[in-house]
Amino acid sequence: PHLAALVLARGGSKGIPLKNIKLLAGVPLIGWVLRAAIDAGVFDSIWVSTDHKEIEKVAKQFGAQVHRRSPEVSQDSSTSLEAITEFLNHHHEVDIVGNIQATSPCLHPSDLIKVADLIQKEGFDSVFSVVRRHQFRWSEVKKGENKMTEPQNLNPAKRYRRQDWPGELYENGSFYFAKRHLIEKGYLQGGKMAYYEMRAEHSVDIDIDIDWPIAEQRVLSFGYFGKEPLKEVKLLVCSIDGCLTNGRIYVTEDHKEMVSYDYRDIVGIDLLKKRGIQVRLISDRDCSKTLSAMQLGFVAKVNVTNKLQVLKDWQEDMGLSWKEVAYLGNEESDVECLKQAGMSGVPADACAAAQKAAGYICKSRGGCGAVREFAEHIFLLLEKVNSARKQ
């Protein structure tokens, strides 16, 4: 049977405009679940159902196919079931739909692999995700009613200690898998049903986590960053024009070049160096005089025709694995380096090809704090590496 992953990503959002592609920890929100779905390796096809061209663009960048949904199922009142049914009506080859919520960025491939086994090998018709919570519930008393509240799942005289109470299972909305015949009857849950219990730290829902910075911290701590484990970065290579500078070149009457850079970026580089991370600069053009005038004191290679070869030479000379190399670039000439480096980033105004290849897209533009922001991102991931080691 054909198992398809389907992410519903409507363009309209009352709370956060285009929330589904808003950057979360440097990655479009939808990118986190698409990465997990692709790396799970259990889906015959991976789709994003959307009505918005920008979401379509991001979905394709992350390797998904796109179903352009109709206006009839793109309204505020439209249900997930209606959108999934429309998708099935256009894709008769699909036998099972794994509806993955775009707002669950801590989803891991291991969860999806186990759920695929439940529905493909163990014969369940539908499987949905839950999380265990230890919360005491009380009956609601509406305003004006003359009655007392009542306990729903506890005896107040003998309150459980957390460690003595298994808690209760709640849907967390991360995913709903169902077979075609069930969906065509109007159900996402039914037939032979099973739940899949996710770890609490992986149960992050952006619809609930309204504070975006808090959600980013959760993702940086518990999100899925790729098949290979993270390693401590030892080298950052930064493209000069468009990353360290804003890419503009000012020419005086006597033909001298001038560029500008943001002091925050220099502070970020100094912080990297204090953490034992080497920083080297690279450029397509001969900007040696400009670098000399800037007096930065970094190892630099200019007038480079093959950036990837230079990067490989530096990596080999330092005896580093690719996972220990970070790269910040912004142009098509940086794409192969961005793909090769273990950690990669681009400024907000990088070209489309570079953004597609990067693992992190800065909020800052080139020459306006992007290097400092990428340094902060490296520090956060280093904390994740150190935490994993302690565990």
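Remember, it's a predicted structure, so these values are computed and weren't measured experimentally.

## A few points about the overall build of the protein chain
Secondary structure summary: the protein chain contains 13 helices and 17 strands in total. Viewed in the frame of its principal axes, the protein chain has a C-alpha envelope of about 85 × 55 × 45 Å. Counting every position in the protein chain, which comprises 391 residues, the buried fraction comes to 52%. The long-range fraction of contacts in the protein chain, counting pairs at least 24 apart against all pairs at least 6 apart in sequence, stands at 65%. A total of about 19600 Å² of accessible surface is found on the protein chain, and carbon and sulfur atoms cover 48% of it. Computed over 52 positive and 52 negative side-chain charges, the inter-centroid distance for the protein chain is 4 Å.

## Considering the domain arrangement of the protein chain
Assigned domains of the protein chain: these are domain 1 (3–134 + 162–222) and domain 2 (235–389). Each of domain 1 and domain 2 has a C-alpha centre, and these two points are 35 Å apart. Across the boundary between the two partners, domain 1 contributes eleven residues, which contact eleven residues of domain 2. Of the roughly 900 Å² buried between domain 1 and domain 2, counting both surfaces, carbon and sulfur atoms make up 56%. Among the residues of domain 1 in contact with domain 2, Leu23, Gln61 and Leu220 are the three that bury the most area, contributing 53% of the side total.

## Brief notes about the side chain of serine 126
With respect to the helices and strands, serine 126 occurs in strand E7 (residues 126–133). Here the side chain of serine 126 touches glycine 190 through a polar contact of 2.9 Å, landing on its backbone oxygen.

## Comments concerning the packing of aromatic side chains
Taken as a whole and assessed by the stated rule, the structure comprises eight aromatic pairs. Between tryptophan 32 and phenylalanine 225, the ring centres sit 5.3 Å apart and the planes meet at 85°, which makes this aromatic pair edge-to-face. In this pair, tryptophan 32 is assigned in helix H1 (residues 29–40) and phenylalanine 225 in the loop between helix H6 (212–222) and strand E10 (235–239), connecting sequence segments 193 residues apart. Across the pair, exposure class does not vary: tryptophan 32 and phenylalanine 225 are buried alike.

## Points about the confidence of the model for the protein chain
The predicted coordinates of low-pLDDT regions are not to be read in fine detail. Chain-level statistics for the protein chain give a pLDDT mean of 88 and a share of 94% at 70 or above. Across the protein chain, the secondary-structure element scoring lowest on mean pLDDT is helix H9 (residues 288–294), at 68, and the one scoring highest is strand E1 (residues 3–8), at 97.

## Some thoughts on the sheet that holds strand E16 (residues 343–346)
The strands making up a sheet associate through hydrogen bonds between their backbones, and the pairing can be parallel or antiparallel. Across the sheet, which stays open at both edges, the six strands sit in the order E14-E13-E10-E15-E16-E17 with parallel pairing between neighbours. At either margin of the open sheet sits one strand with a lone partner, and together these are strand E14 (299–301) and strand E17 (360–361). Judged from the three bridges that link them, strand E15 (residues 325–328) and E16 form a sheet pairing that is parallel. Across the sheet, residue alanine 326 finds its bridge partner in E16, namely methionine 343.

## Overview of the sheet that holds E7
Spatial ordering of the open sheet is given by E5-E4-E1-E6-E8-E7-E9, a layout of seven strands whose pairing is mixed. Since the sheet does not close on itself, it has two edges, and those belong to strand E5 (65–68) and strand E9 (193–197), each with one partner. Taking the axes of each pair of neighbouring strands and ignoring which way they run, one obtains an average angle of 30° across the sheet. Sheet topology places E1 next to strand E4 (residues 45–50); five bridges connect them, and they run parallel. Across the sheet, the residue bridging to alanine 4 is serine 45, located in E4. Against the sheet, H1 contacts E1, E4 and strand E6 (96–101), and its axis sits at roughly 160° relative to E4. The strands that helix H3 (residues 80–90) touches are E1, E4, E5 and E6; relative to E1, the one it contacts most, it runs at about 135°.

## Quick notes on the packing of H1 against helix H4 (residues 109–120)
At their nearest, the axes of H1 and H4 sit 8 Å apart, and the two run at 55° to each other. Taken together, H1 and H4 sit at an angle that is classed as oblique. Seen along the crossing, H1 lies across H4 with a hand that is right-handed. Counted together, Ala36, Ala37, Asp39 and Ala40 of H1 and Pro109, Leu112 and Ile113 of H4 form the full contact between these two elements. Residues that form the contact of H1 with H4 fall into these classes: six nonpolar, no polar and one charged.

## A closer look at the side chain of glutamate 168
Its place among the elements puts glutamate 168 in strand E8 (residues 168–179). Within polar-contact distance, the side chain of glutamate 168 engages the side chain of asparagine 153 at 3.2 Å. Every residue in contact with glutamate 168, bar those within four places of it in the chain, is listed here: Val131, Arg132, Arg133, Gln135, Arg137 and Asn153.

## Re the pattern of salt bridges
By the definition in use, this model includes 20 salt bridges. One salt bridge connects lysine 307 with aspartate 284, and the closest N-O pair in it is separated by 3.2 Å. Of this pair, lysine 307 sits in helix H10 (residues 307–317) while aspartate 284 sits in the loop between strand E13 (278–282) and H9, and the two are 23 residues apart along the sequence. Residues joined in a network through salt bridges with shared partners are Glu56, Lys60 and Arg68.

## Details of H10
All of the buried residues in H10 are Lys307, Leu308, Val310, Leu311, Trp314 and Gln315. Taken down its axis, H10 places every buried residue within 160° of arc, on the same side. Facing away from the buried surface of H10 by more than 90 degrees, the exposed residues are Glu316 and Asp317. Contacts made by the buried residues of H10 are with E10, E13, E14, E15 and helix H11 (335–340). One or two positions beyond H10, positive phi appears at glycine 319, with a value near 65°.

What counts and how
Residues numbered from 1 in each chain as written. Predicted model: local features only at pLDDT ≥ 70, side-chain atom pairs only at ≥ 80, totals over all residues. Heavy atoms only, no water. Helix = DSSP H or I, 4+ residues; strand = E, 2+ residues; numbered from the N terminus. Buried < 20%, exposed > 50% of the residue type's maximum accessible area, 1.4 Å probe, protein only. Contact = heavy atoms within 4.5 Å. Areas by Shrake-Rupley, 256 points an atom, 1.4 Å probe, with all protein chains shown as cover. Lys, Arg positive; Asp, Glu negative; His and termini not counted. Charge placed at Lys NZ, Arg CZ, Asp CG, Glu CD. Domains from an automatic or database assignment. Buried area = accessible area lost by both parts, 1.4 Å probe. Polar contact = N/O pair within 3.5 Å; in protein donor to acceptor, adjacent residues only side chain to side chain. Phe/Tyr/Trp six-rings, centres within 6.5 Å; stacked < 30°, edge-to-face > 60°. pLDDT = per-residue confidence, 0-100. Pairing = 2+ DSSP bridges. Axes fitted to C-alpha atoms, helices over the stretch in contact; angles between N-to-C directions. Parallel < 35°, antiparallel > 145°, perpendicular 65-115°, else oblique. Left-handed = near helix turned anticlockwise from the far one by under 90°. Nonpolar A, V, L, I, M, F, W, Y, C, P; charged D, E, K, R; others polar. Salt bridge = Lys/Arg side-chain N within 4 Å of Asp/Glu carboxyl O. Arc of directions from axis to C-beta.

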